[in-house]
Amino acid sequence: MTKELLIEIGVEELPAIPFLKELPNIKTKWHKVLQEYRLDGEFEFYYTPRRLVFLHKNFSISQPDSTVEFIGAPKHVALKDGAFTKAALSFAGKCGIGESELKFKEIDGKEVLFYEKELKGEASKNLLGDMIEKFLLSLSFGKSMRWGNGEFEFIRPVRSFLCIFGDEFVKFEKFGVKGEDSTYPHRSIGYDKISIANIDEYFSGSKSRGIILDANERRAIMLAAFDEISKKNGVQIEIDEELLDEVVTITEYPTALLGEFESEFLQIPSEVIITSMKENQRYFPVFKNSKLSNHFIVVSNAISNDSALIVRGNEKVLRARLSDAMFFWQSDLKAEFSPEKLKNITYLKELGSIYDKELREVRVAQILGKMYKDRLENEVGKDFNAKLERAVMLSKADLTSGMVYEFTELQGIMGHYYARAKGEDEAIVTAIKEQYLPDGEDAQCPSSVFSSVVALSSKLDALLGLFSVGKIPTGTKDPYALRRAANGVIRIVQNMGFEFDIVKVLEELKDGYKEFDTSILEEFILDRLYVFFDVNSSIVKACINSGKRDINELGKAINALAKISKDDEFKENFSTFKRLANIIKDSEILNVNENLIKNEYEKALNDKFSALDKKEGDYEGRLNELFGLKDSIDGFFDNVMINDEDPNIKANRIAIIGQIYKEFLKIADIKEISF
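Notes on the structure in this doc start here. (Residues numbered from 1 in each chain as written. Predicted model: local features only at pLDDT ≥ 70, side-chain atom pairs only at ≥ 80, totals over all residues. Heavy atoms only, no water.)

## Focus: the overall build of the protein
Right, so step 1: Each helix and strand in the protein was counted, giving 26 helices and 22 strands.
Right, so step 2: Seen through its C-alpha atoms, the protein measures out along the principal axes to roughly 95 × 95 × 50 Å.
Right, so step 3: Out of the 675 residues in the protein, the part that is buried amounts to 48%.
Right, so step 4: Sequence separation of 24 or more characterises 69% of the internal contacts of the protein that already satisfy a separation of 6 or more.
Right, so step 5: In the structure as shown, the protein presents an accessible area of about 33,500 Å², 46% of it carried by carbon and sulfur atoms.
Right, so step 6: Computed over 92 positive and 112 negative side-chain charges, the separation of the two mean positions in the protein equals 3 Å. (Helix = DSSP H or I, 4+ residues; strand = E, 2+ residues; numbered from the N terminus. Buried < 20%, exposed > 50% of the residue type's maximum accessible area, 1.4 Å probe, protein only. Contact = heavy atoms within 4.5 Å. Areas by Shrake-Rupley, 256 points an atom, 1.4 Å probe, with all protein chains shown as cover. Lys, Arg positive; Asp, Glu negative; His and termini not counted. Charge placed at Lys NZ, Arg CZ, Asp CG, Glu CD.)

Laid out in structure tokens, this is it:
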């Protein structure tokens, strides 16, 4: 038999970011508790900043009855000279039975003490308090608060429990709070609890209490209001999904309102205004004719008839923020924009200051400059080396600015504004802005060869420098974001189509760092390919094991092999090539001696291979031609005895299939591929 169950856990306002990180785990963790108590079932989950709500349409009134088996000592230990030993009597005590009830059972060929006990399922209402407590303690938000003389701990203090099971209010006490028949309304409505008669009333009356329980409904209300404001005012609202998630999480009854700030603040770079809005106030920026407008959207959680008062209050707060930003902007423009102050900022104790890092980056950039000389000359002129040095030395100069001190996420962006204001070459300005790209999985890469070289220099210096002083990521720990740096190197190289033999590059760059085994860094970068390409990992391994070390070429090979291997027919036919590769293994592959070819099938295979158009660079075309040899290889295997009595003929037959394997090996070691 089942009943409807409502659980509301009332808390003080939950901080959005930690809550959103744990949100994907909440349903799973409640399911785990349900399973542990043998009461699993479907449920709905709702949340607001002040409550977590679970609704079970059909919740069992009790646990199912169960059977518990107790297994004890072997018979020779439990029974001595016809009498039960202490071990047996202890087992009886554990099972709650008398000596006369002790029995043996053969399990896995051995007689042991055995007792089977029927357990009556516990009434669910008696378990709910413990279940809720266990669930709350399982949640992980990073930091927690203590209250009640420090004896209770959760992300925020728990303030209420409402638990309705059918038509009964379940009473229990956890975290110093007793379950009651009431809930807190929205703070704008009141601070006292409101009584709830039943589950239907809880949901039907939630909006009258100022609570919109469904996060999707709150989101829809906001988006509809955004759309209405946009149409009415002829503006566009930038909808940042992460910000939207955050605002949905911190509101119980959202109201979107249009605010305004003084137009003179628009002389501040738009990124500063937008960052200040989002990070400090959780406002949404507004655009008109594709330009930032002197308006913003605030989503209020207050229930009020005087929305103008709410808008004025938020305008006042934003005005103060923008006044500070204006001061930083104007002060920074007056200050010298140079790398000199970076001498006073430590990058890492073992690697010196950020100024020292920039000097190393200059050397890296100039080495890369030689590699891509023609493309750089074509793009920025013959003085590209001087421009590279200037771009790199100015790239981190904005770290000493007041604006970046206030908004650290604007490093590079502010630098490009300051560089432009000081009249720097536009290629340098753009390179400063794009030096950290790509800064995420789906982020853009630098837009030019010049910017790409500057960005590569920063990432390669970080990798070489930190590896040289032993700061190598282990497990999931990567405090210096070196995996992201390696991913960035791979993406830039592929985006620009750079020749980039990782072994040769590291060999040329390593002299600028403390001596270390660069093969470790080589392997670290190559390992990122397994994450970078969304393909069967054995394909990545096969291409790496070919010995190819040019990152761009490796990428082409992986993509080509992955594309071909998706064909179902390929998987069915691949056993032929797996067999070919396994026969070769570590055998020395000699040149084919056509005078030793005796069999028509070995001749046919050799002739067909010799006729192939071995196109350099066209990995897909070469692979298709090689895999097109399947029928001839099958004919060879079916009709040719490789292990001929004549060692010369045997070696020649191995050479015939070996040359095919060698050609594959220019792209991938096919013996590593598995499905």
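That shown, we press on.
## Some points on helix H12 (residues 384-395)
Right, so step 1: The terminal C-alpha atoms of H12 lie 16 Å apart, and with twelve residues this matches the ideal 16 Å at 1.5 Å per residue to within 8%.
Right, so step 2: All of the buried residues along H12 are Phe384, Lys387, Leu388, Ala391, Val392, Met393, Leu394 and Ser395.
Right, so step 3: Among the structural elements, helix H10 (354-371), helix H11 (373-380), helix H15 (426-434) and helix H16 (449-468) are those in contact with the buried residues of H12. (Expected span 1.5 Å × (residues − 1).)

## Some remarks on the packing of aromatic side chains
Right, so step 1: For the coordinates displayed, the defined rule picks out 30 aromatic pairs.
Right, so step 2: Centre to centre, the rings of tryptophan 329 and tyrosine 418 are 5.7 Å apart; their planes meet at 25 degrees, and the pair counts as stacked. You can see tryptophan 329 sitting in helix H9 (residues 307-334) and its partner tyrosine 418 sitting in helix H14 (residues 413-421), a full 89 residues away along the chain. Just as tryptophan 329 is buried, tyrosine 418 falls in that class too.
Right, so step 3: Among the aromatic residues, ring-to-ring pairing joins Phe19, Trp30, Phe43, Phe45, Tyr47, Phe54 and Phe135 into one connected group.
Right, so step 4: Positioned over the ring face of phenylalanine 114 is lysine 105, at 4.4 Å from the centre of the ring.
Right, so step 5: The ring centre of phenylalanine 637 lies 4.1 Å from the NZ or CZ of arginine 579, which sits over that ring. (Phe/Tyr/Trp six-rings, centres within 6.5 Å; stacked < 30°, edge-to-face > 60°. Lys NZ or Arg CZ within 6 Å of the ring centre and 35° of its normal.)

## Focus on the pattern of salt bridges
Right, so step 1: Under the criterion given, the structure shown has 49 salt bridges.
Right, so step 2: A salt bridge links lysine 75 to glutamate 111; the nearest nitrogen and oxygen atoms lie 3.8 Å apart. Of the two residues, lysine 75 is situated in helix H2 (residues 75-78) and glutamate 111 in strand S8 (residues 110-119); the sequence distance between them amounts to 36 residues.
Right, so step 3: The partly exposed category is assigned to lysine 75, whose relative accessible area is 32%.
Right, so step 4: A relative accessible area of 37% means that glutamate 111 is categorised as partly exposed. (Salt bridge = Lys/Arg side-chain N within 4 Å of Asp/Glu carboxyl O.)

## Some details on the sheet that holds strand S18 (residues 255-260)
The strands making up a sheet associate through backbone hydrogen bonding, with each pair oriented either parallel or antiparallel.
Right, so step 1: Strand order in the open sheet made by the four strands is S17-S19-S20-S18, with antiparallel pairing throughout. Every interior strand has two partners, whereas the edge strands, strand S17 (236-237) and S18, have only one.
Right, so step 2: Where strand S19 (residues 284-288) meets strand S20 (residues 291-300), four bridges bridge the pair, whose relative direction is antiparallel. By the bridge assignment for S20, lysine 288 is matched with lysine 291.
Right, so step 3: Its contacts with the sheet put helix H6 (residues 215-233) on S17, S18, S19 and S20, and the angle it makes with S18 is roughly 35 degrees. (Pairing = 2+ DSSP bridges. Axes fitted to C-alpha atoms, helices over the stretch in contact; angles between N-to-C directions.)

## Considering the environment of aspartate 618
Right, so step 1: Mapping aspartate 618 onto the fold places it in the loop between helix H23 (600-610) and helix H24 (619-627).
Right, so step 2: According to the relative accessible area criterion, aspartate 618 is partly exposed, its value standing at 32%.
Right, so step 3: C-alpha separation for the pair aspartate 618 and alanine 560, spaced 58 residues apart in sequence, amounts to 8.9 Å.

## Considering the sheet that holds S8
Right, so step 1: The sheet built from three strands is open, its strands ordered S4-S8-S7 with antiparallel pairing. Each edge of the open sheet carries a strand with a single partner, namely strand S4 (66-74) and strand S7 (103-107). Between one strand and the next, the sheet's axes are offset by a mean angle of 45 degrees, whatever the strand orientation.
Right, so step 2: Bridging between S4 and S8 involves seven bridges; their strand directions are antiparallel. Note that in S8 the partner of glutamate 69 across the bridge is glutamate 116.
Right, so step 3: The strands that helix H3 (residues 86-95) touches are S4 and S8; relative to S8, the one it contacts most, it runs at about 15 degrees.

## Looking at the side chain of glutamate 663
Right, so step 1: Mapped onto the secondary structure, glutamate 663 falls in helix H26 (residues 647-665).
Right, so step 2: A polar contact of 3.1 Å, which involves the side chain of glutamate 663, links it to the side chain of lysine 666. (Polar contact = N/O pair within 3.5 Å; in protein donor to acceptor, adjacent residues only side chain to side chain.)

## Re the packing of helix H22 (residues 568-584) against helix H25 (residues 630-639)
Right, so step 1: Packing of H22 against H25 leaves a shortest axis separation of 10 Å and a crossing angle of 55 degrees. Considering the angle they form, H22 stands oblique to H25. Between H22 and H25 lies a crossing of left-handed hand. Across the interface between the two elements, Asn573, Thr576, Phe577, Arg579, Leu580 and Ile583 from H22 touch Lys630, Ile633, Asp634 and Phe637 from H25.
Right, so step 2: Residue composition of the contact of H22 with H25, by class: five nonpolar, two polar and three charged. (Parallel < 35°, antiparallel > 145°, perpendicular 65-115°, else oblique. Left-handed = near helix turned anticlockwise from the far one by under 90°. Nonpolar A, V, L, I, M, F, W, Y, C, P; charged D, E, K, R; others polar.)

## Focus on H24
Right, so step 1: Restricting attention to buried positions, one finds in H24 the residues Tyr619, Gly621, Arg622, Leu623, Leu626 and Phe627.
Right, so step 2: Looking at the buried positions of H24, the neighbouring elements they touch are helix H21 (551-565), H22, H23, H25 and H26.

## Describing the packing of H11 against H16
Right, so step 1: With their axes 9 Å apart at the nearest point, H11 and H16 run at an angle of 125 degrees to one another. With respect to each other, H11 and H16 are oriented oblique. Along its contact with H11, which presents Arg375, Leu376, Glu379 and Val380, the element H16 presents Val449, Phe450 and Val453.
Right, so step 2: Along the lines of polarity and charge, the residues of the contact of H11 with H16 split into five nonpolar, no polar and two charged.

## Comments concerning unusual backbone geometry
Right, so step 1: In this structure, the amide linkage connecting leucine 437 to the following residue, proline 438, adopts the cis form with an omega of -10 degrees.
Right, so step 2: For proline 438, the position within the fold is in the loop between H15 and H16.
Right, so step 3: Even without glycine at this site, asparagine 289 takes up a positive phi of about 55 degrees.
Right, so step 4: With respect to the secondary-structure elements, asparagine 289 resides in the loop between S19 and S20.

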